[in-house]
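# A structural walkthrough
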Amino acid sequence: MNKNLSYLTKSFEELGIQIESLRNLNEGLESTILIGYSLEEKKEVAIKIPKEIIFNNDNDQNFSAMSLYTQEYRLLRLLKQMSFPVPEVYHFDSSNKVPFIIMELLKDVSTPTKEDFVSIGRLTRTLHSYKAPELNLVAMERFTDINELILHRLYKRFNIIADFGYSEGTLPPISLMSSSINHIEGEKCLLHMDIRPQNILKKTDNDFLFTDWSNALIGYPALEIARLQEYGEFFCEFMEGYGELTKIDKLPMLIYRLDTAIMLSVVFLSEEPNPIMANTQLKRVSSILKEIKKEL
Ligand SMILES: Nc1ncnc2c1ncn2[C@@H]1O[C@H](COP(=O)(O)OP(=O)(O)O)[C@@H](O)[C@H]1O
Ligand SMILES: [Mg+2]
């Protein structure tokens, strides 16, 4: 059970959530989703509560639950206004040290299939067509320039995989990488950056809700596409729905793909240790590094 739950019980009661109706629905790495009956909404609702007050892991340091939940609330509200499919928020609570969000509950959701990724690709294209919102996003780590952020976290996380013993490849000097990435054309937009079946709730065929905006960035669409390409799952179907990507040079695309391969290596070395998956990801890092060096 989430250790923050007992702390929040009084707040839930004050908001008309029937305590005896509370039960666990699901969880991710950072949050627990509870089901509760809301006297105000007169129906069951989903309550998202953080597992920690400060999230600290080898990929991300010192991200506060308060800042992540404030961001999630603002993005869910903004996207809803724009008719982008996200769960409806009923209440965001930031009055205690543990924030929480009460939102529309999707029961009996099924996991999006390979075929569903065509629609998910189409929806992602819509997301990328919106003007970038003026919001400070947690994962931007106070950078305003997306490529500066990507280089910053590449070198930082590379040191972590090196500390875990990775020695097959090295990163080229930052000046070379920086000049290779700095002339991407096109508009920046809001990127979700974690489009996986776990974060897309399927109501019915062709009816999906995008959740979990913790990794969101303001950047070029190619960065989201590079992430999906490295995730690998259903990428062809995704692109079938997404359509053509604005042309981008090979080198910046490789650097964007490296960002995901290194992030996943850190996940499997440290956050959710899995030696087989870690090994696969580290091989991806080596192979992308080789391709980058050929292009430089
Ligand atoms: N409104 C909701 N209704 C039903 N299930 C949900 C809802 N929001 C999230 N979930 C489920 O709970 C899981 C964890 O929530 P998520 O917001 O992704 O947390 P985390 O940031 O920890 O990954 C999701 O993968 C999803 O399956
Ligand atoms: Mg999630």
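Fair warning: this is a prediction, and the values are worked out from it, not measured in the lab.

### As for the overall build of the chain
When helices and strands are tallied, the chain shows nine helices and eleven strands. Taken over C-alpha atoms, the radius of gyration comes to 20 Å for the chain, in line with the 19 Å a tight globule of 296 residues would show. Within the chain, buried positions represent 38% of all 296 residues. Taking the contacts inside the chain whose residues are at least 6 apart along the sequence as the reference set, 67% of them involve residues at least 24 apart.

### Description of the nonpolar core
The nonpolar side chains of a soluble globular protein tend to be buried with one another. By size, the foremost hydrophobic cluster in this structure holds 77 residues, and its most contacted members are Ala216, Leu217, Ile255, Leu258 and Ile262. No other element matches helix 8 (residues 250–271), which puts eleven residues into this core. When near neighbours in sequence (up to four residues on either side) are disregarded, leucine 217 contacts Leu137, Ala139, Met140, Ile146, Leu191, Met193 and Leu223.

### Section: the pairing of strand 2 (residues 31–38)
The sheet contact formed by strand 1 (residues 17–27) and strand 2 spans six bridges and is antiparallel. For asparagine 24, the partnering residue across the bridge sits in strand 2 and is leucine 34. Examined bridge by bridge, strand 2 and strand 3 (residues 43–50) share eight bridges and lie antiparallel to one another. Looking across to strand 3, one finds that glycine 36 is bridged to valine 45. Hairpin connection between strand 2 and strand 3: a loop of four residues separates the two successive antiparallel strands, and lysine 42 in this loop has a positive phi of roughly 55°.

### Structural notes on the site of ligand 1
Surveying the vicinity of ligand 1 reveals 21 residues, the closest of which are Asn26, Gly28, Ser31, Ala46 and Asp212. Sorting the residues of the shell around ligand 1 by element identifies strand 1, strand 2, strand 3 and strand 7 (100–104) as the ones contributing at least two each. Ranked by residues supplied to the shell around ligand 1, first place goes to strand 1 with three residues.

### Some thoughts on the environment of isoleucine 255
Positionally, isoleucine 255 belongs in helix 8. Residues isoleucine 255 and arginine 23 lie 232 residues apart in sequence; the distance between their C-alpha atoms is 43 Å. Dropping the residues within four chain positions of it, isoleucine 255 is found in contact with Ile150, Met177, Ser180, Ile181 and Ile292.

### So, the pairing of strand 10 (residues 207–210)
As a general feature of sheets, a regular strand has side chains that alternate between the two faces. Two strands pair when backbone bridges link them, and strand 9 (residues 200–204) and strand 10 are joined in this way by four bridges, in the antiparallel orientation. Bridging from a neighbouring strand, leucine 201 pairs with leucine 209 of strand 10. The hairpin formed by strand 9 and strand 10 contains two residues between the paired strands, and asparagine 206 there has a positive phi angle of roughly 65°.

### As for the sheet that holds strand 1
Ordered by their spatial adjacency, five strands build an open sheet running 1-2-3-7-6, and the pairing between neighbours is antiparallel. Edge positions in the sheet fall to strand 1 and strand 6 (89–93), since each of these pairs with one other strand and no more. Ignoring which end each strand starts from, the neighbouring axes of this sheet average 25° apart. Here strand 3 runs beside strand 7; their pairing, made up of four bridges, is antiparallel. If you follow alanine 46 over to strand 7, its bridge partner there is methionine 103. The strands touched by helix 2 (residues 65–81) are strand 3, strand 6 and strand 7; relative to strand 6, the strand with the most contacts, the crossing angle is about 155°.

### Details of the environment of aspartate 163
Within the secondary structure, aspartate 163 sits in helix 4 (residues 146–163). Residues aspartate 163 and methionine 253 lie 90 residues apart in sequence; the distance between their C-alpha atoms is 26 Å.

### Concerning helix 8
Here helix 8 is 22 residues long and its end C-alpha atoms lie 30 Å apart, about the 32 Å a rise of 1.5 Å per residue gives. A large share of helix 8 lies buried, amounting to 16 of its 22 residues.

### Some points on helix 2
Counted at 1.5 Å a residue, the expected span for helix 2 with its 17 residues is 24 Å, and the 24 Å between its end C-alpha atoms agrees. Listed as buried for helix 2 are Ala65, Leu68, Tyr69, Glu72, Tyr73, Leu75, Leu76 and Leu79. Buried residues belonging to helix 2 abut strand 3, strand 4 (54–55), strand 5 (63–64), strand 6 and strand 7. Directly beyond the C-terminal end of helix 2, a positive phi value near 65° is found at serine 83.

### Details of the confidence of the model for the chain
With 100% of its residues at a pLDDT of 70 or more, the chain shows a mean pLDDT of 94. In the model of the chain, helix 1 (residues 5–14) stands out as the element of lowest mean pLDDT, 87, in contrast to strand 8 (residues 189–191), which has the highest, 98.

### What to know about the environment of lysine 290
Inspection of the secondary structure assignment puts lysine 290 in helix 9 (residues 275–295). Look at lysine 290 and you get partly exposed, because 13 C-beta atoms sit within 10 Å. Taking the C-alpha atoms as reference, lysine 290 lies 42 Å from isoleucine 49; in sequence the two are 241 residues apart.

The rules we used
- Residues numbered from 1 in each chain as written.
- Chains lettered and ligands numbered in written order.
- Predicted model: local features only at pLDDT ≥ 70, side-chain atom pairs only at ≥ 80, totals over all residues.
- Helix = DSSP H or I, 4+ residues; strand = E, 2+ residues; numbered from the N terminus.
- Rg over C-alpha atoms; globule rule 2.2 N^0.38 Å.
- Buried ≥ 20, exposed ≤ 12 C-beta atoms within 10 Å, placed from the backbone.
- Contact = placed C-beta atoms within 7 Å.
- Core = buried A, V, L, I, M, F, W, Y, C linked by C-beta atoms within 7 Å.
- Pairing = 2+ DSSP bridges.
- Near = placed C-beta within 6 Å.
- Axes fitted to C-alpha atoms, helices over the stretch in contact; angles between N-to-C directions.
- Expected span 1.5 Å × (residues − 1).
- pLDDT = per-residue confidence, 0-100.

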